[in-house]
Amino acid sequence: METAAYTLSVLTPERPVFEKDVVSIVAPGSEGYLGILAHHAPLITALGPGKLTVTDPEGNVEIYAVSGGFLEVGNNEAILLADTIEAVSEIDVERARRAEARARERLKGLRTDIDYPRCYNAMARAQNRLRIAEALRVHV
Amino acid sequence: MAVQSLQDIRRRIRSVQNTQQITRAMEMVSAAKLKRAQARVNAARPYAAKMDEMLRSLSAAAEGLDHPLFEKRPVRRTGVVIMSGDRGLAGSFNANVLRMAERLLHERPREDLRLVVVGRKALQYLTRRGWKPALVYTDLGDVPDATRVRRMTEEITGLFLSGEVDEVFLVFTRFISTLNRRVVTEKFLPIEGAASEGDSAGDYIFEPSPDAIFGALLPRYAVTRLLAAQAESLASEHSARMVAMGSATQNADEMINQLVIRRNRARQAAITKEIAELVGGAEALK
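Notes on the structure in this doc start here. (Residues numbered from 1 in each chain as written. Chains lettered and ligands numbered in written order. Predicted model: local features only at pLDDT ≥ 70, side-chain atom pairs only at ≥ 80, totals over all residues. Heavy atoms only, no water.)

Quick look at the overall build of chain B
- A count of helices and strands for chain B gives 6 helices and 6 strands.
- Written out in order from the N terminus, the α and β elements of chain B read α-α-β-α-β-α-β-α-β-β-β-α.
- The C-alpha atoms of chain B give a radius of gyration of 28 Å, which is well past the 19 Å a tight globule of 286 residues would have.
- For chain B, the spread of C-alpha atoms along the three principal axes comes to 115 × 40 × 30 Å.
- Burial status across chain B gives 43% buried among its 286 residues.
- Taking the contacts inside chain B whose residues are at least 6 apart along the sequence as the reference set, 78% of them involve residues at least 24 apart. (Helix = DSSP H or I, 4+ residues; strand = E, 2+ residues; numbered from the N terminus. Rg over C-alpha atoms; globule rule 2.2 N^0.38 Å. Buried < 20%, exposed > 50% of the residue type's maximum accessible area, 1.4 Å probe, protein only. Contact = heavy atoms within 4.5 Å.)

Thoughts on the environment of Gly50 of chain A
Residue and element names in this part refer to chain A.
- Within the element layout of this structure, Gly50 appears in strand β6 (residues 50-55).
- Its relative accessible area of 1% is what places Gly50 among the buried residues.
- Sequence separation between Gly50 and Ile25 is 25 residues; the distance between their C-alpha atoms is 13 Å.
- Not counting residues within four places of it along the chain, the set of residues in contact with Gly50 comprises Pro28, Tyr33, Tyr64, Ala65, Val66, Asn128 and Ile132.

Some words on the nonpolar core
- Formed by 46 residues in total, the largest nonpolar core has its most connected members in Phe70 and Leu81 of chain A together with Ile156, Phe188 and Leu226 of chain B.
- It is helix α6 (residues 210-285) of chain B that provides the largest number of residues to this core, a total of 10 residues.
- Leave out the neighbours within four places in its chain, and Phe188 of chain B touches Thr153, Ile156, Val168, Phe169, Leu170, Ala222, Arg225 and Leu226 of chain B.
- Judged by nonpolar contacts, the second largest core, of 23 residues, contains Leu43, Leu71, Ala78 and Ala87 of chain A. (Core = buried A, V, L, I, M, F, W, Y, C linked by side-chain atoms within 4.5 Å.)

Describing the pairing of β6 of chain A
All names here are of chain A.
- Burial runs high along β6: 5 of the 6 residues are buried.
- Of the strand pairs in this sheet, strand β3 (residues 24-29) and β6 are connected by 3 bridges, and their pairing is antiparallel. Looking across to β6, one finds that Ile25 is bridged to Val54.
- As paired elements, β6 and strand β7 (residues 61-66) share 6 bridges and run antiparallel to each other. Counted as the bridge partner of Thr53 is Ile63 from β7.
- Joining the antiparallel neighbours β6 and β7 is a turn of 5 residues, in which Gly59 adopts a positive phi near 90°. (Pairing = 2+ DSSP bridges.)

Description of the sheet that holds strand β4 (residues 167-177) of chain B
Residues and elements named next belong to chain B.
- Read from one edge to the other, the open sheet built from 5 strands follows the order β3-β2-β1-β4-β5, with strand pairing classed as mixed. One side of each edge strand has no neighbouring strand; the edge strands of this open sheet are β3 (135-137) and β5 (180-189). Between one strand and the next, the sheet's axes are offset by a mean angle of 20°, whatever the strand orientation.
- Where β4 lies against β5, 9 bridges are found, and the strand directions are antiparallel. Across the sheet, residue Leu170 finds its bridge partner in β5, namely Glu186.
- Where helix α3 (residues 93-106) meets the sheet, its contacts fall on β1 (78-83), β2 (113-118), β4 and β5, and the angle it forms with β4 comes to roughly 150°. (Axes fitted to C-alpha atoms, helices over the stretch in contact; angles between N-to-C directions.)

Have a look at this one:
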(Lines give C-alpha, C1' and ligand atoms only; values in the text may rest on other atoms or scores of the structure.)
Protein backbone atom coordinates (compact mmCIF):
# COMPACT_ATOMS: atom_id res chain seq x y z
CA MET A 1 0.00 0.00 0.00
CA GLU A 2 1.38 3.35 -1.01
CA THR A 3 0.90 5.91 1.73
CA ALA A 4 1.67 9.58 1.50
CA ALA A 5 4.37 10.90 3.79
CA TYR A 6 4.75 14.20 5.58
CA THR A 7 7.36 15.82 7.78
CA LEU A 8 7.37 15.58 11.54
CA SER A 9 9.59 17.91 13.54
CA VAL A 10 9.97 17.46 17.24
CA LEU A 11 11.19 20.41 19.31
CA THR A 12 11.80 20.75 23.02
CA PRO A 13 12.52 23.98 24.89
CA GLU A 14 16.16 22.92 24.94
CA ARG A 15 16.77 21.77 21.40
CA PRO A 16 15.32 20.43 18.17
CA VAL A 17 15.15 16.67 18.70
CA PHE A 18 14.57 15.34 15.19
CA GLU A 19 12.89 16.00 11.90
CA LYS A 20 11.90 13.23 9.56
CA ASP A 21 9.42 11.92 7.05
CA VAL A 22 6.61 9.87 8.49
CA VAL A 23 3.41 8.34 7.18
CA SER A 24 1.53 8.38 10.43
CA ILE A 25 1.81 9.39 14.04
CA VAL A 26 -0.39 8.60 16.97
CA ALA A 27 -0.10 11.27 19.62
CA PRO A 28 -1.40 11.53 23.19
CA GLY A 29 -3.88 14.38 22.87
CA SER A 30 -5.13 15.85 26.12
CA GLU A 31 -8.58 14.46 25.27
CA GLY A 32 -7.38 11.12 23.99
CA TYR A 33 -5.05 9.65 21.40
CA LEU A 34 -5.26 10.96 17.89
CA GLY A 35 -3.78 9.69 14.66
CA ILE A 36 -2.40 12.00 12.00
CA LEU A 37 -1.93 10.92 8.39
CA ALA A 38 -0.69 13.05 5.50
CA HIS A 39 -2.93 15.91 4.38
CA HIS A 40 -4.59 16.18 7.74
CA ALA A 41 -6.65 19.31 8.28
CA PRO A 42 -4.82 22.13 10.09
CA LEU A 43 -4.94 21.43 13.80
CA ILE A 44 -3.49 22.68 17.04
CA THR A 45 -3.88 20.48 20.06
CA ALA A 46 -2.55 20.12 23.57
CA LEU A 47 -0.84 16.88 24.51
CA GLY A 48 -0.88 15.06 27.81
CA PRO A 49 1.67 12.59 29.10
CA GLY A 50 1.54 9.49 26.92
CA LYS A 51 2.92 7.44 24.11
CA LEU A 52 3.88 8.82 20.72
CA THR A 53 3.92 6.24 17.95
CA VAL A 54 5.70 7.21 14.76
CA THR A 55 5.59 5.15 11.54
CA ASP A 56 8.07 6.03 8.81
CA PRO A 57 7.64 5.36 5.07
CA GLU A 58 9.54 2.07 5.36
CA GLY A 59 7.02 0.86 7.88
CA ASN A 60 9.35 1.09 10.88
CA VAL A 61 7.54 1.97 14.07
CA GLU A 62 9.16 3.98 16.81
CA ILE A 63 7.74 4.65 20.22
CA TYR A 64 8.47 7.65 22.41
CA ALA A 65 7.37 8.78 25.83
CA VAL A 66 6.07 12.36 25.76
CA SER A 67 5.40 14.19 29.01
CA GLY A 68 3.16 16.86 27.53
CA GLY A 69 3.19 19.65 25.00
CA PHE A 70 1.49 20.69 21.80
CA LEU A 71 1.03 19.46 18.29
CA GLU A 72 0.48 21.65 15.29
CA VAL A 73 -0.51 20.14 11.98
CA GLY A 74 -0.79 22.08 8.73
CA ASN A 75 0.76 22.45 5.31
CA ASN A 76 1.43 18.76 5.31
CA GLU A 77 3.86 19.01 8.16
CA ALA A 78 3.50 18.35 11.84
CA ILE A 79 5.36 20.17 14.57
CA LEU A 80 5.45 18.68 18.01
CA LEU A 81 6.45 20.91 20.89
CA ALA A 82 7.27 18.48 23.67
CA ASP A 83 8.10 19.31 27.27
CA THR A 84 10.30 16.25 27.25
CA ILE A 85 10.49 13.33 24.86
CA GLU A 86 12.45 10.12 25.09
CA ALA A 87 12.75 7.13 22.83
CA VAL A 88 11.91 3.97 24.73
CA SER A 89 15.58 3.03 25.00
CA GLU A 90 16.36 6.40 26.55
CA ILE A 91 13.89 6.13 29.39
CA ASP A 92 15.63 6.17 32.73
CA VAL A 93 13.50 3.52 34.42
CA GLU A 94 15.25 3.83 37.76
CA ARG A 95 14.68 7.56 37.87
CA ALA A 96 11.05 7.25 36.83
CA ARG A 97 10.53 4.62 39.50
CA ARG A 98 11.99 6.89 42.15
CA ALA A 99 9.92 9.85 40.96
CA GLU A 100 6.80 7.72 41.02
CA ALA A 101 7.47 6.49 44.55
CA ARG A 102 8.25 10.01 45.75
CA ALA A 103 5.05 11.43 44.28
CA ARG A 104 2.99 8.56 45.64
CA GLU A 105 4.44 9.08 49.10
CA ARG A 106 3.64 12.78 49.01
CA LEU A 107 0.12 12.24 47.80
CA LYS A 108 -0.66 9.96 50.73
CA GLY A 109 -1.39 12.41 53.50
CA LEU A 110 -3.43 15.56 53.41
CA ARG A 111 -0.99 18.35 53.98
CA THR A 112 -1.17 22.01 53.24
CA ASP A 113 2.48 22.43 52.34
CA ILE A 114 2.21 20.24 49.27
CA ASP A 115 1.29 21.34 45.81
CA TYR A 116 -1.09 18.49 44.93
CA PRO A 117 -1.66 19.19 41.24
CA ARG A 118 2.06 19.31 40.74
CA CYS A 119 2.61 16.06 42.58
CA TYR A 120 -0.15 14.43 40.69
CA ASN A 121 1.32 15.54 37.38
CA ALA A 122 4.75 14.33 38.40
CA MET A 123 3.25 10.95 39.18
CA ALA A 124 1.42 10.84 35.86
CA ARG A 125 4.63 11.60 33.98
CA ALA A 126 6.59 8.96 35.88
CA GLN A 127 3.89 6.33 35.39
CA ASN A 128 3.74 7.14 31.70
CA ARG A 129 7.48 6.55 31.33
CA LEU A 130 7.28 3.30 33.26
CA ARG A 131 4.28 2.06 31.31
CA ILE A 132 5.94 2.70 27.99
CA ALA A 133 9.23 1.16 29.07
CA GLU A 134 7.38 -1.89 30.43
CA ALA A 135 5.16 -2.31 27.39
CA LEU A 136 8.11 -2.52 25.10
CA ARG A 137 9.89 -5.04 27.25
CA VAL A 138 6.85 -7.31 27.02
CA HIS A 139 6.68 -6.97 23.23
CA VAL A 140 10.30 -7.72 22.49
CA MET B 1 59.67 53.50 40.77
CA ALA B 2 62.54 53.35 43.12
CA VAL B 3 65.63 51.44 42.11
CA GLN B 4 64.87 47.77 42.36
CA SER B 5 67.38 45.08 42.83
CA LEU B 6 67.82 42.58 40.04
CA GLN B 7 66.41 39.97 42.38
CA ASP B 8 63.19 41.95 42.92
CA ILE B 9 62.62 42.48 39.22
CA ARG B 10 63.17 38.79 38.48
CA ARG B 11 60.67 37.89 41.16
CA ARG B 12 58.13 40.33 39.70
CA ILE B 13 58.51 38.85 36.24
CA ARG B 14 57.92 35.36 37.54
CA SER B 15 54.85 36.46 39.45
CA VAL B 16 53.32 38.22 36.44
CA GLN B 17 54.05 35.16 34.33
CA ASN B 18 52.23 32.97 36.81
CA THR B 19 49.22 35.27 36.78
CA GLN B 20 49.29 35.29 33.02
CA GLN B 21 49.15 31.52 32.93
CA ILE B 22 46.02 31.62 35.03
CA THR B 23 44.30 34.28 32.96
CA ARG B 24 45.19 32.44 29.77
CA ALA B 25 43.74 29.21 31.15
CA MET B 26 40.58 31.03 32.24
CA GLU B 27 40.24 32.54 28.80
CA MET B 28 40.41 29.14 27.17
CA VAL B 29 38.01 27.56 29.63
CA SER B 30 35.52 30.39 29.09
CA ALA B 31 35.83 30.01 25.34
CA ALA B 32 34.88 26.35 25.62
CA LYS B 33 31.96 27.09 27.93
CA LEU B 34 30.83 29.92 25.69
CA LYS B 35 30.67 27.55 22.77
CA ARG B 36 28.36 25.22 24.66
CA ALA B 37 26.23 28.03 26.03
CA GLN B 38 25.91 29.63 22.63
CA ALA B 39 24.84 26.33 21.10
CA ARG B 40 22.12 26.17 23.74
CA VAL B 41 20.93 29.67 22.95
CA ASN B 42 20.58 28.74 19.30
CA ALA B 43 19.06 25.33 19.97
CA ALA B 44 16.29 26.89 22.02
CA ARG B 45 15.22 29.28 19.28
CA PRO B 46 13.09 27.06 17.01
CA TYR B 47 10.88 26.01 19.93
CA ALA B 48 10.51 29.56 21.17
CA ALA B 49 9.69 30.85 17.69
CA LYS B 50 7.08 28.16 17.12
CA MET B 51 5.52 28.81 20.48
CA ASP B 52 5.31 32.53 19.74
CA GLU B 53 3.59 31.75 16.49
CA MET B 54 1.15 29.37 18.17
CA LEU B 55 0.40 31.91 20.85
CA ARG B 56 -0.48 34.49 18.23
CA SER B 57 -2.83 32.31 16.25
CA LEU B 58 -4.41 31.20 19.52
CA SER B 59 -4.98 34.66 20.88
CA ALA B 60 -6.65 35.57 17.62
CA ALA B 61 -8.94 32.57 18.00
CA ALA B 62 -9.58 32.51 21.73
CA GLU B 63 -12.65 34.25 23.02
CA GLY B 64 -11.58 35.87 26.22
CA LEU B 65 -7.94 36.24 27.10
CA ASP B 66 -8.76 35.92 30.75
CA HIS B 67 -6.02 33.56 31.78
CA PRO B 68 -4.62 34.54 35.21
CA LEU B 69 -1.16 35.10 33.70
CA PHE B 70 -2.68 37.76 31.45
CA GLU B 71 -4.38 39.64 34.21
CA LYS B 72 -3.50 43.32 34.34
CA ARG B 73 -4.00 44.74 37.80
CA PRO B 74 -3.29 48.06 39.37
CA VAL B 75 0.32 47.78 40.46
CA ARG B 76 0.97 47.86 44.18
CA ARG B 77 4.05 45.68 44.31
CA THR B 78 6.58 44.94 41.61
CA GLY B 79 8.75 41.87 41.27
CA VAL B 80 12.20 42.20 39.73
CA VAL B 81 14.15 39.17 38.53
CA ILE B 82 17.85 40.03 38.47
CA MET B 83 20.05 37.61 36.54
CA SER B 84 23.73 37.81 37.37
CA GLY B 85 26.49 35.21 37.45
CA ASP B 86 27.81 33.05 40.25
CA ARG B 87 31.40 34.14 39.76
CA GLY B 88 33.34 37.32 39.17
CA LEU B 89 36.32 38.07 36.96
CA ALA B 90 33.99 38.59 34.04
CA GLY B 91 34.77 42.19 33.26
CA SER B 92 31.80 44.44 33.79
CA PHE B 93 29.24 41.66 33.28
CA ASN B 94 27.87 41.56 36.83
CA ALA B 95 28.35 45.28 37.44
CA ASN B 96 26.31 46.17 34.36
CA VAL B 97 23.40 43.98 35.38
CA LEU B 98 23.44 45.41 38.88
CA ARG B 99 23.62 48.98 37.64
CA MET B 100 20.58 48.44 35.44
CA ALA B 101 18.77 46.76 38.33
CA GLU B 102 19.59 49.62 40.69
CA ARG B 103 18.04 52.07 38.27
CA LEU B 104 14.81 50.08 38.31
CA LEU B 105 14.88 49.64 42.09
CA HIS B 106 15.27 53.37 42.68
CA GLU B 107 12.03 54.10 40.87
CA ARG B 108 9.93 52.65 43.67
CA PRO B 109 9.86 52.54 47.43
CA ARG B 110 11.64 49.54 48.85
CA GLU B 111 8.55 48.07 50.50
CA ASP B 112 6.80 47.85 47.12
CA LEU B 113 9.52 45.72 45.60
CA ARG B 114 10.10 41.99 45.72
CA LEU B 115 13.41 40.72 44.42
CA VAL B 116 14.14 37.46 42.70
CA VAL B 117 17.89 37.06 42.70
CA VAL B 118 19.68 34.78 40.27
CA GLY B 119 23.41 34.21 40.69
CA ARG B 120 25.65 34.58 43.71
CA LYS B 121 27.09 37.92 42.63
CA ALA B 122 23.78 39.74 42.70
CA LEU B 123 22.93 38.05 45.97
CA GLN B 124 26.13 39.31 47.61
CA TYR B 125 25.67 42.80 46.27
CA LEU B 126 22.03 43.13 47.27
CA THR B 127 22.22 41.54 50.71
CA ARG B 128 25.11 43.88 51.50
CA ARG B 129 22.69 46.70 50.76
CA GLY B 130 20.06 45.30 53.07
CA TRP B 131 17.72 43.69 50.55
CA LYS B 132 15.82 40.58 51.54
CA PRO B 133 15.13 38.71 48.29
CA ALA B 134 11.84 36.83 47.99
CA LEU B 135 13.48 34.07 45.94
CA VAL B 136 17.13 33.19 45.42
CA TYR B 137 18.73 30.92 42.83
CA THR B 138 22.45 30.21 42.82
CA ASP B 139 24.76 27.49 41.49
CA LEU B 140 23.47 28.02 38.00
CA GLY B 141 25.94 25.81 36.17
CA ASP B 142 27.49 26.56 32.80
CA VAL B 143 24.39 26.01 30.71
CA PRO B 144 20.79 26.44 31.80
CA ASP B 145 19.12 23.50 33.47
CA ALA B 146 15.60 23.18 32.06
CA THR B 147 14.26 21.39 35.11
CA ARG B 148 15.49 24.11 37.44
CA VAL B 149 14.25 26.90 35.20
CA ARG B 150 10.86 25.19 35.14
CA ARG B 151 10.71 25.21 38.91
CA MET B 152 11.97 28.78 38.98
CA THR B 153 9.19 29.82 36.62
CA GLU B 154 6.61 28.10 38.78
CA GLU B 155 7.84 29.95 41.84
CA ILE B 156 8.00 33.34 40.14
CA THR B 157 4.58 32.99 38.52
CA GLY B 158 3.44 31.84 41.96
CA LEU B 159 4.34 35.26 43.36
CA PHE B 160 2.28 36.85 40.64
CA LEU B 161 -0.71 34.51 40.90
CA SER B 162 -0.92 34.81 44.69
CA GLY B 163 -1.06 38.59 44.38
CA GLU B 164 2.25 39.08 46.15
CA VAL B 165 3.33 41.11 43.13
CA ASP B 166 1.24 42.64 40.35
CA GLU B 167 3.93 42.75 37.69
CA VAL B 168 7.33 41.19 37.16
CA PHE B 169 10.32 42.58 35.30
CA LEU B 170 13.31 40.68 34.06
CA VAL B 171 16.77 42.25 34.15
CA PHE B 172 19.29 40.18 32.23
CA THR B 173 22.06 40.36 29.65
CA ARG B 174 21.18 39.71 26.05
CA PHE B 175 23.83 37.86 24.15
CA ILE B 176 24.42 39.57 20.81
CA SER B 177 27.87 38.34 19.86
CA THR B 178 31.09 37.39 21.58
CA LEU B 179 32.13 41.02 21.80
CA ASN B 180 28.70 42.48 22.18
CA ARG B 181 26.06 42.11 24.87
CA ARG B 182 23.45 44.39 26.29
CA VAL B 183 21.64 44.49 29.61
CA VAL B 184 17.90 44.76 29.07
CA THR B 185 14.82 45.15 31.22
CA GLU B 186 11.76 43.31 29.96
CA LYS B 187 8.25 42.86 31.26
CA PHE B 188 7.77 39.21 32.20
CA LEU B 189 4.34 39.16 33.83
CA PRO B 190 1.54 39.73 33.14
CA ILE B 191 2.19 38.24 29.72
CA GLU B 192 1.28 40.87 27.21
CA GLY B 193 1.43 41.83 23.59
CA ALA B 194 0.61 38.33 22.50
CA ALA B 195 -2.10 39.27 20.03
CA SER B 196 -1.56 42.03 17.55
CA GLU B 197 -3.66 43.33 14.74
CA GLY B 198 -3.65 41.22 11.63
CA ASP B 199 -2.98 37.96 13.40
CA SER B 200 -5.40 35.42 12.17
CA ALA B 201 -6.34 32.14 13.65
CA GLY B 202 -5.94 30.50 10.27
CA ASP B 203 -8.17 27.55 9.60
CA TYR B 204 -6.91 25.61 12.54
CA ILE B 205 -9.03 23.16 14.39
CA PHE B 206 -8.31 23.62 18.07
CA GLU B 207 -8.51 20.53 20.22
CA PRO B 208 -10.04 20.65 22.78
CA SER B 209 -10.70 24.42 22.53
CA PRO B 210 -8.61 27.54 21.97
CA ASP B 211 -9.02 28.55 25.59
CA ALA B 212 -8.00 25.17 26.94
CA ILE B 213 -4.86 25.11 24.78
CA PHE B 214 -4.19 28.65 25.82
CA GLY B 215 -4.30 27.66 29.46
CA ALA B 216 -1.76 24.92 28.78
CA LEU B 217 0.41 27.12 26.59
CA LEU B 218 0.87 30.20 28.76
CA PRO B 219 2.77 28.59 31.66
CA ARG B 220 5.09 26.97 29.12
CA TYR B 221 5.50 30.26 27.35
CA ALA B 222 6.70 31.74 30.64
CA VAL B 223 9.17 28.87 31.06
CA THR B 224 10.45 29.35 27.54
CA ARG B 225 11.08 33.04 28.09
CA LEU B 226 12.90 32.49 31.35
CA LEU B 227 14.92 29.67 29.86
CA ALA B 228 15.95 31.86 26.93
CA ALA B 229 16.89 34.71 29.27
CA GLN B 230 18.95 32.38 31.43
CA ALA B 231 20.67 30.88 28.39
CA GLU B 232 21.57 34.31 27.05
CA SER B 233 22.74 35.49 30.44
CA LEU B 234 25.07 32.52 30.83
CA ALA B 235 26.43 32.87 27.31
CA SER B 236 27.03 36.57 28.00
CA GLU B 237 28.84 35.78 31.22
CA HIS B 238 31.19 33.32 29.52
CA SER B 239 31.90 35.71 26.67
CA ALA B 240 32.50 38.61 29.05
CA ARG B 241 34.91 36.52 31.07
CA MET B 242 36.66 35.29 27.97
CA VAL B 243 37.20 38.83 26.71
CA ALA B 244 38.26 40.13 30.13
CA MET B 245 40.74 37.32 30.61
CA GLY B 246 42.02 37.78 27.07
CA SER B 247 42.86 41.40 27.72
CA ALA B 248 44.33 40.54 31.11
CA THR B 249 46.65 38.11 29.36
CA GLN B 250 47.65 40.84 26.94
CA ASN B 251 48.26 43.31 29.72
CA ALA B 252 50.45 40.76 31.43
CA ASP B 253 52.46 40.48 28.20
CA GLU B 254 53.05 44.22 28.12
CA MET B 255 54.00 44.26 31.75
CA ILE B 256 56.46 41.43 31.26
CA ASN B 257 58.07 43.22 28.31
CA GLN B 258 58.65 46.34 30.37
CA LEU B 259 59.97 44.37 33.29
CA VAL B 260 62.36 42.49 31.03
CA ILE B 261 63.74 45.79 29.72
CA ARG B 262 64.18 47.00 33.26
CA ARG B 263 65.79 43.75 34.29
CA ASN B 264 68.30 43.91 31.44
CA ARG B 265 69.12 47.49 32.28
CA ALA B 266 69.66 46.59 35.92
CA ARG B 267 71.86 43.66 34.99
CA GLN B 268 73.92 45.81 32.64
CA ALA B 269 74.29 48.43 35.36
CA ALA B 270 75.52 45.77 37.77
CA ILE B 271 78.09 44.50 35.29
CA THR B 272 79.31 48.00 34.51
CA LYS B 273 79.61 48.67 38.19
CA GLU B 274 81.65 45.53 38.76
CA ILE B 275 84.02 46.35 35.92
CA ALA B 276 84.43 49.85 37.23
CA GLU B 277 85.27 48.45 40.63
CA LEU B 278 87.78 46.00 39.14
CA VAL B 279 89.44 48.70 37.12
CA GLY B 280 89.44 50.97 40.16
CA GLY B 281 91.00 48.21 42.25
CA ALA B 282 93.69 47.47 39.63
CA GLU B 283 94.54 51.16 39.36
CA ALA B 284 94.95 51.36 43.11
CA LEU B 285 97.49 48.50 43.10
CA LYS B 286 99.82 50.30 40.66
